[in-house]
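Architecture and fold: a report
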Amino acid sequence: MASYDDVMSLSVRRGFLWPAVDLYGGFAGFYDYGHNGVLMRRRWEDLWIETFLGLSDDYHLIDTTTILPEPALKASGHVDHFTDILVTCTRCGESYRGDQLLEAATHEEHEGLTPAEIDARIRDLKIRCPNCKGELGPARPFNMMFPLEVGPTGKDRAYLRPETAQGVYLNFKREFEALRRRLPLGLAIIGRAYRNEISPRQGAYRMREFLQAELQIFFDPATFADGLRFDAVASTPIRIAWATEKNQPGAHDIAAKDLVARDLPPWYVYHLAAVQRFYLDGLQVPRDAFRFAELDEKERAFYNKIHFDIQVKQESLGGFKEVGGVHYRTDHDLKGHEAMSHLKQSVTFGGSKLIPHVLELSFGVDRNIWTLLDLSYSKGERVVLRLPPRIAPVTVGVFPLVNKDGLPEKAEALHANLRKRLTVSYDESGSIGRRYARMDEIGTPFSVTVDHETLEGKGVTVRERDSQKQIRVKEADLTDTLDRLLAGEVTFGA
RNA sequence: GCGUGGGUAGUCUAGCGGUAUGACACAGGCCUUCCAAGCCUGUUGCGCGGGUUCGACUCCCGCCCCACGCACCA
């Protein structure tokens, strides 16, 4: 059980994450990573790449620009649909979405109106502030994208990308050719995205600059399922909360094949299983803290035909929180770019010509890091971060038991050797217990200590973070033993 | 953006119209044969700007930032 303050305080104290620019009072919606945060994030990213690119030989990582010109984002729908028309009360200052004010007054949909049109209708309908009955000010557009002026004249309007996905769609044809015209084709980006959030909240949860890890899988809906081994996951129970239950705390376990029976495509369910495996097995999230939450038609974006959020329950943020999503975007994006660019996005594959459809596996990296800090935080006599060993920023701590009799020299030599292959921390300050405690706080799973018996050729001790148990290991076997411990082939339990 | 509460060292905290308390952490030293021991020494702070005042961390105003609730989150 970790409160928000617990996680943030540890995070700041131990170099994981903190508010950006705090020298100048802070900058809402922006966070910086410290040395341990970056290490941890890289390990999360490595596991993510290993897991999801490992799904197929035809899935690859690419990298694209974070600034996109207006036409590209016009085609994606972001210029028009990522905008709300806001109306602010001149008396109480409350802001409303213009379309919602009109909808409340007329019970009709009012999408796609210009600010001037909304002003006119507010006048005609004599709408006043729902909060204080004050007079409403002029409607103004608010786009969640950060606009930029590119070049000396600034004529070429551009924006910071609101999602990494568009970078993939813009490069689909290039990669389809370079990868010799295969479907399904997976293209992933781990990179920064930007949204001008109205009110950023809860630390790394809602930021204005954030990291996404997204895999876009391009496929032919007629044949996608044929190439997947659905039978391997058919009886796997998937944690599901339906749209009507998303405010409730729990989830159902529903076998993958039963989800298919409820009209979810097999290829979609197959990937739900893959995502669930990443969280339960890879990141060791407790089963009851994980679920997919369905979004109903009103909640999901217009281009998403099927949308489940990936949610993890975390004490510091008050319950289940979205850390990613599994989105069936159909052929919306490629179609949009084809229409705007006038360049054909259709491909010929397996005898048929089609615009590929897209399944998007989307993850908020910062949210995942926060989630893992929350879940692994445990406070007894001292704080221990029970991170999965593969995710921990530092993998091994190396110490001399005392600072005399040649023990430090021996330990430093050991450290120099281990650090060639692992992230290792050497420490000879304070007592041995204090050093173990330091390692516990940043989640280091194993600590190696050189004592007097080491000098007699009897090996070193290896201490496990969670159990505080120790085993004695011959120096010659140390790297091998550590590898096996990290791989989970050996445990301390036995 | 609205409302409520808040902002004192790396973290957590005490306090007052006369520039600040303690704990932990951190650094150096002594000691130490395995879990934040002890002793000595040391570093670091009143979110920012303006006003009132002889003097502001303290009172007033504005701003920034944080948490919570509302709204927002294609």
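Our subject is the structure that appears above.
Counting restarts for each chain, with residues numbered from 1 along the sequence as it is written. For this description, chains carry letters from A and ligands carry numbers from 1, given in the order in which they are written. Predicted model: local features are reported for residues with pLDDT of at least 70 only, side-chain atom pairs are reported and counted for 80 or more only, and whole-chain, interface and lining totals are derived from all residues. Based on all heavy atoms of the structure, the side-chain values leave hydrogens and waters out of the count.

Some points on the overall build of chain A
The number of helices and strands found in chain A is 16 helices and 26 strands. With the C-alpha coordinates of chain A rotated into their principal frame, the extents come out at 90 × 65 × 50 Å. Exposure is judged per residue with a 1.4 Å probe applied to protein chains only, and the accessible area is read against the type maximum: over 50% gives exposed, under 20% gives buried, and values in between give partly exposed. Taking all 494 residues of chain A together, the buried fraction comes to 52%. We call two residues in contact when some of their heavy atoms are within 4.5 Å. Looking at chain A alone, contacts between residues at least 24 apart form 65% of all its contacts between residues at least 6 apart. Taking the 64 positively charged and 71 negatively charged side chains of chain A as two groups, their mean positions are separated by 1 Å. Helix numbering and strand numbering both begin at the N terminus, where a helix is a DSSP run of H or I of at least 4 residues and a strand a DSSP run of E of at least 2. Positive charges come from Lys and Arg alone, negative charges from Asp and Glu alone, with His and the N- and C-terminal ends not counted. Here the site of a charge means NZ on Lys, CZ on Arg, CG on Asp, or CD on Glu.

Quick notes on the nonpolar core
Here, nonpolar core refers to any group of buried Ala, Val, Leu, Ile, Met, Phe, Trp, Tyr and Cys residues whose side-chain atoms link them within 4.5 Å. With 81 residues, the main nonpolar core has Trp-44, Trp-48, Tyr-268, Tyr-279, Phe-292 and Phe-363 as its most contacted residues. Structurally, this core is a two-domain feature, drawing no fewer than three residues from each of domain 1 (10-76 + 156-377) and domain 3 (394-487). Other than its neighbours up to four places away in sequence, Phe-292 contacts Ile-238, Arg-239, Ile-240, Ala-241, Leu-272, Val-275, Gln-276, Phe-308, Asp-309, Ile-310 and Val-326. Domain ranges listed in this record stem from an automatic or a database domain assignment.

Some remarks on the sheet that holds strand E8 (residues 147-150)
In sheet architecture, strand pairing relies on hydrogen bonds along the backbone and comes in two forms, parallel and antiparallel. At least two bridges found by DSSP between two strands is the condition for calling them paired. Spatially, E4-E9-E8 is the arrangement adopted by the three strands of the open sheet, whose pairing is antiparallel. Looking at which strands have only one partner, the edges of the open sheet turn out to be strand E4 (67-69) and E8. The average angle at which neighbouring strand axes cross in this sheet is 40 degrees, direction not considered. Two elements, E4 and strand E9 (residues 156-160), share three bridges in a ladder whose sense is antiparallel. The residue of E9 that forms the bridge with Leu-68 is Tyr-159. Fitted lines through C-alpha atoms serve as axes, helices being fitted only where they are in contact, and the angles separating the N-to-C directions of these axes extend from 0 to 180 degrees.

A look at a nonpolar patch on the surface
Each patch is built from residues that are more than 30% exposed by relative accessible area and take part in no salt bridge. Like charges join if they lie within 9 Å; nonpolar side chains (Val, Leu, Ile, Met, Phe, Trp, Tyr) join within 5 Å. Per-residue and other accessible areas follow the Shrake-Rupley method at a 1.4 Å probe size, with only the shown protein chains counted as cover for residues. One side-chain nitrogen of Lys or Arg within 4 Å of one carboxyl oxygen of Asp or Glu is enough to make a salt bridge. Together, Val-21, Leu-23, Tyr-24 and Phe-27 line one region of the surface with nonpolar side chains, adding up to about 520 Å² of accessible area. Positionally, Tyr-24 belongs in the loop between strand E1 (17-19) and strand E2 (31-33).

Brief notes about the protein's contact with RNA strand B
One heavy atom within 4 Å of a molecule or strand makes the whole residue count as near it. Of all residues adjacent to RNA strand B, which total 50 residues, the nearest are Phe-82, Arg-382, Arg-434, Tyr-436 and Arg-438. A breakdown of the atoms of RNA strand B within 4 Å of the protein gives sugar and phosphate a share of 50%. Here a base nitrogen of RNA strand B sits 2.7 Å away from a polar atom, N or O, in the side chain of Tyr-303. Under the rule applied, a polar contact is a pair of N or O atoms within 3.5 Å (in protein, one hydrogen donor and one hydrogen acceptor; residues adjacent in sequence only if both atoms are side-chain atoms). Side-chain polar atom of Thr-461 to a base nitrogen of RNA strand B: 2.8 Å apart, as the coordinates give it. Contributions of two or more residues to the surface near RNA strand B are made by helix H1 (4-13), helix H4 (78-81), helix H14 (432-442) and strand E25 (460-464). At seven residues, the largest contribution of residues to the surface near RNA strand B is made by H14.

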